[in-house]
Structure formats: structure tokens, C-alpha cells
Amino acid sequence: MLSRFDFPEGFIFGAATAAYQIEGSAFGGCGSSHWDTYSATPGNVVRGESGARACDHYHQWPADLDLLQAANLDGYRFSTSWARVMPDGVSINPEGVDFYDRLVDGMLARGLKPFQTLYHWEMPSALADKGGWTNRDTCHRFADFSEAITRRLGDRVASIATINEPWCVAWLSHFMGIHAPGLRDIRAAARAMHHILLAHGLAVERLRGMGQPNLGIVLNFDYAQPASDRPEDVQAAARWDGIFNRWFIEAITRQTYPEIVLEGLSPHMPANWQDDMATIGQKLDWLGINYYTRHLHAHDATQPWPHLRDVPGDRPKTQMGWEIYPEGLHHFLTRMAKDYVGDLPLHVTENGMANADLLEDGRVSDQVREDFLFSHLAATKQAIADGANVQGFFYWSLLDNYEWAEGYDKRFGLVHVDYDTLVRTPKSSYHALARALARNDQGTAR
Ligand code: IFM
């Protein structure tokens, strides 16, 4: 079994959450976001569930931070909701900013390094009404938000990520229609694919100008393999790889978009998009990598571009139906280092699994999550040995929480949450991780 001492000195072990998924959007003067309205529309979310109460972290945050500390974690990846900080998208809600101020101080008091994410999907409804990410102006409003919250927290956070998972923000939400705002429109998708990157670039430019250190972005990656060795399927996997895995990192590191994706998106891109590429290509201080699974792809001539059909793989699957494939994490850590970012610090900012966990006699036994976690830690360790400069690993998620379109059905937490009583129960995976991260009294060895 791996332990903290199998990783370089100073490696950060943490857990991650996001505001809408845990806080409760009905409290503290939080404004309406597109997730409040998307979930209020029949058919979008399992049982029409929303983040109105979620895990009530807005009130229970001290106990939740205690759980992080008791697990011997070094850092906490959290997000600051745009709709809570700026309920109408432009003016500040002092109560919201005060909440995050207390939260960050609470982390520091417990020896936890705060890793902040600026956008984990709470687009204020007032800005969604104006087109959200299809509207270029939203990028400038996002830079304003980034500046406002950083003026309050920037002196105490360890790092800031601009956007969480731009692929989900743009493609999943505007092309596949699975997340808010639920569009299935290639033109909206092309605009969002570009504007989310422009928002990132403008925010980095603004924060860098304020002297803020440790700026990065969190990209998600999906291991794309062809369903067969037929050339059409090989090309299909390459298209998916382009849309998911290359579009964002190539824009940031090379100031270009992959040709294989422009083949489909070019006619729908916003005018003069090329002029934004220098802004998008701001220097990063670190890169966050979220990794969960792989997909197999086949060519589907019956569908318009990108002509794709998923084919089920043969590995065991999580409660989400996602294949467990730790080799993919090693692939992306070493690929990012080799092809794109060299020695830039990398963090595994999310990795975890949903499981149909059962609370029995006050305990949750989730051996399958322990195996998942330690196999992905082993893949990370191997990537470090193979030259990737990985400096942190954050498990998704600390708590069972609101899994977006899946509502509260899918449990990703190290800690079980009873959604009726809100009682938290650490699972066996939590205890296994805490043991692996324990130090002795001198803080150096067990
Ligand atoms: O719950 C999400 C999180 O908000 C973003 N990354 C993937 C997780 C699991 O689906």
C-alpha cells in the first residue's frame, strides 16, 4: 500500500469540492445561477434535484474542514461561486465574500493550503440571460469577478485556477446539452469553446497585473481509443481526442486550435477569433489535470460531424458507468509534460469514483474506492518516475454531493452524506487515506 513517503517531499495531498455541489445556493444572498434554472426545468436533472440545500456546507463548513484535517490532508481545492459573490453578475454580495473569507481563514487555521477555483459552473442567471458563454462580453465580466474576489482572498490562497473543466463548460453544456444551459447547438458550442478560453486569458492577465502568483487552469482529459483498428475508427478517436484533450491545452500553450477540430467548428467560430489567441496563451504557473476514465470510439457515418459513436469497453465500471482505467492518468501526466508544458508543475486536481455506497451500522465499507484511489496514486507515482513534474493529487470528492444532472444519486465522497439528516460519516476509503498520509510526531516519518 502506498503512503505519503512514496511521493516527493512537499507533495500536496488534498480533496476537492465545488461550491454549487455542496454549499446550498438558497443561503447567504446567493444569486440565481443557470444551474438553479436548468434543474428547475423538467427532464434535465434526476428527480429535478437542485443545489438549493446540497450538503449545507454554507453552515457546516467548520466540521467539513475538520474532516479534511483529520484525514491528514495538506490542501483543500474549493471554488468560489460567481453567483454567490456577485448575485447579478456584476455587483458584490458582502455576505458571500465574507463567507469565503471565513472559509479560507478556517483552512489556514487547520494547516490546509487553500487551492481556489474561480469558475466551477455557477453562471449568474443575469449573465446567462445575455447569452452566457456564447456572449463575448461574459469574458470581461468574468475578469471583473476574478479581480473582485482576489482582492479579498488573494493574500491567503496557495493558488488560483481560472476555470474548471472548460470542455464541460463548452462542449458538454452547449453541444451535448447534458449540463446547464443545456444547449445542443454547434454554433453556440463553437462560441463557448472559444469564449471560455478567452475568459481564462483575460482573468490571468488581470490577476497577473495585480501581482497575484500561482495562476493556472484545470482541464479534464478523457483517454480516447479507437473501438477497432479500422482507419475510420482510428480517425474517430483522433477527433474525440482533438475536441476533448487537445483543443484547450493547444490554445493555451501553442496559441492554435487543432485542425482536426476546426474541420467541424470553423464555420461557427466567432468573427476574428484568431486575434484572441495571444490573450488565451498567457503563461501558466501550473496546470491542473482532472482524469476519470477512457472511452472507445467508432466512426458513425449516419451522424453529422464529428461522426462519433461510443462503444463500451471491457473494464469494470463505476456507478457513473465509467471504465476504471488508471493507465489513462499516467498517459495524460506524461503526455502533458512531453508534448505541451515540459517541467511546469502539474496537479491531479480531480480523480475519484462514484459508488453505490451503503451506510450499515454506522459504517460505509467502500473497498472498491480504496482500490481505485490507490491504483491512480500508483499511476501518478509512475508518471513522476517517468519525468512528469506532478506536485499534488486531490481526490474528488471530500463529500458525497450534488452530481449535476445526476442529482444526488451518484456518491463520489470519501465521506458519506445522509441527505435527510445531513450527517457525515467517513467511509473506509477515508480512513485508509488518512492512514496512508499519517506522519509521526516529528512530521517526517511514520
Ligand atoms: O462532480 C464533477 C465535478 O464537478 C467536475 N469534475 C467531474 C466530477 C464528477 O463528475
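The sections below set out a description of the structure shown in this document. (Residues numbered from 1 in each chain as written. Predicted model: local features only at pLDDT ≥ 70, side-chain atom pairs only at ≥ 80, totals over all residues. Heavy atoms only, no water.)

1. Overview of the overall build of the protein chain
Looking only at helices and strands, the protein chain has 15 helices and eleven strands in total. Relative to a compact globule of 446 residues, whose C-alpha radius of gyration would be 22 Å, the protein chain shows 21 Å and is just as compact. Along the three orthogonal principal directions, the C-alpha set of the protein chain runs to about 60 × 50 × 45 Å. Across the 446 residues in the protein chain, those meeting the buried criterion constitute 63%. In the protein chain, once contacts between residues fewer than 6 apart in sequence are set aside, the share between residues at least 24 apart is 76%. Within the structure as shown, the protein chain displays about 16300 Å² of accessible surface, and the carbon and sulfur contribution to it stands at 50%. (Helix = DSSP H or I, 4+ residues; strand = E, 2+ residues; numbered from the N terminus. Rg over C-alpha atoms; globule rule 2.2 N^0.38 Å. Buried < 20%, exposed > 50% of the residue type's maximum accessible area, 1.4 Å probe, protein only. Contact = heavy atoms within 4.5 Å. Areas by Shrake-Rupley, 256 points an atom, 1.4 Å probe, with all protein chains shown as cover.)

2. Quick word on the packing of aromatic side chains
Tallying each qualifying case throughout the model produces 39 aromatic pairs. The interplanar angle of 65° and the centroid separation of 4.9 Å between the aromatic rings of F115 and F394 together place this pair among those described as edge-to-face. Taken together, the residues F115 in strand β3 (residues 113-119) and F394 in strand β9 (residues 390-396) connect sequence positions 279 residues apart. You'll find F115 and F394 in the same group, each marked buried. Aromatic pair W171 and F175: ring centres 4.0 Å apart, planes at 20°, arrangement stacked. Residues W171 and F175 agree in their burial class; the two are buried. Following the ring pairs from residue to residue traces out a cluster consisting of Y20, W35, Y38, W121, Y402, W404, Y408 and Y419. Its guanidinium or amino end placed over the ring of F99, R84 lies 5.6 Å from that ring's centre, counting from NZ or CZ. (Phe/Tyr/Trp six-rings, centres within 6.5 Å; stacked < 30°, edge-to-face > 60°. Lys NZ or Arg CZ within 6 Å of the ring centre and 35° of its normal.)

3. Points about the pattern of salt bridges
Scanning the entire structure with this criterion turns up 36 salt bridges. One network of salt bridges, in which partners are shared, links D98, D101, D105, R152, D155 and R156. (Salt bridge = Lys/Arg side-chain N within 4 Å of Asp/Glu carboxyl O.)

4. Description of the site of the ligand
With respect to spatial proximity, the complete set of residues near the ligand consists of Q21, H120, W121, N164, E165, Y292, W322, E350, W396, E403, W404 and F412. H120 places a side-chain nitrogen or oxygen 2.8 Å from an oxygen atom of the ligand. Between the ligand and E403 there is a distance of 2.6 Å, counted from an oxygen atom to a side-chain nitrogen or oxygen. Summarising the interface, the protein chains cover 95% of the accessible area of the ligand, which totals 280 Å² for the free molecule. Here the residues of the shell around the ligand sort into six nonpolar, three polar and three charged. (Near = heavy atom within 4 Å. Polar contact = N/O pair within 3.5 Å; in protein donor to acceptor, adjacent residues only side chain to side chain. Nonpolar A, V, L, I, M, F, W, Y, C, P; charged D, E, K, R; others polar.)

5. Some points on helix α5 (residues 94-109)
The terminal C-alpha atoms of α5, which comprises 16 residues, lie 22 Å apart, in line with the 22 Å expected from a rise of 1.5 Å per residue. When α5 is considered as a whole, its buried residues turn out to be G96, V97, F99, Y100, D101, L103, V104, G106 and M107. Of the surrounding secondary structure, the elements contacted by the buried residues of α5 are α1 (19-22), α3 (57-70), β2 (75-79), α4 (82-85), β3 and α7 (137-153). Backbone geometry just downstream of α5 places G111 in the positive-phi region, at approximately 75°. (Expected span 1.5 Å × (residues − 1).)

6. Here's the deal with the packing of helix α10 (residues 231-254) against helix α13 (residues 327-341)
Interhelical geometry of α10 versus α13 gives an angle of 40° and a closest axis separation of 11 Å. It follows that α10 is oblique to α13 by the angle criterion. Crossing of α10 over α13 shows right-handed handedness. Along its contact with α10, which presents D241, N245, R246, I249, E250, T253 and R254, the element α13 presents F332, R335, M336, D339, Y340 and V341. For the contact of α10 with α13, the residue count by class is five nonpolar, two polar and six charged. (Axes fitted to C-alpha atoms, helices over the stretch in contact; angles between N-to-C directions. Parallel < 35°, antiparallel > 145°, perpendicular 65-115°, else oblique. Left-handed = near helix turned anticlockwise from the far one by under 90°.)

7. Regarding the pairing of strand β5 (residues 215-226)
Within β5, eleven of the twelve residues are buried, leaving the element largely enclosed by the surrounding structure. Of the pairings in the sheet, the one linking β5 to strand β6 (residues 286-299) comprises ten bridges and is parallel in character. In the strand pairing of β6, Y223 is matched with R294. (Pairing = 2+ DSSP bridges.)

8. Side note on unusual backbone geometry
Between W305 and P306 the backbone carries a cis peptide bond, its omega angle lying at 10°. The residue P306 is located in the loop between β6 and β7 (308-311) in this model. At the junction of W396 and S397, the peptide bond is cis and its omega measures out at 10° in the coordinates. Among the structural elements, S397 can be located in the loop between β9 and β10 (415-417).

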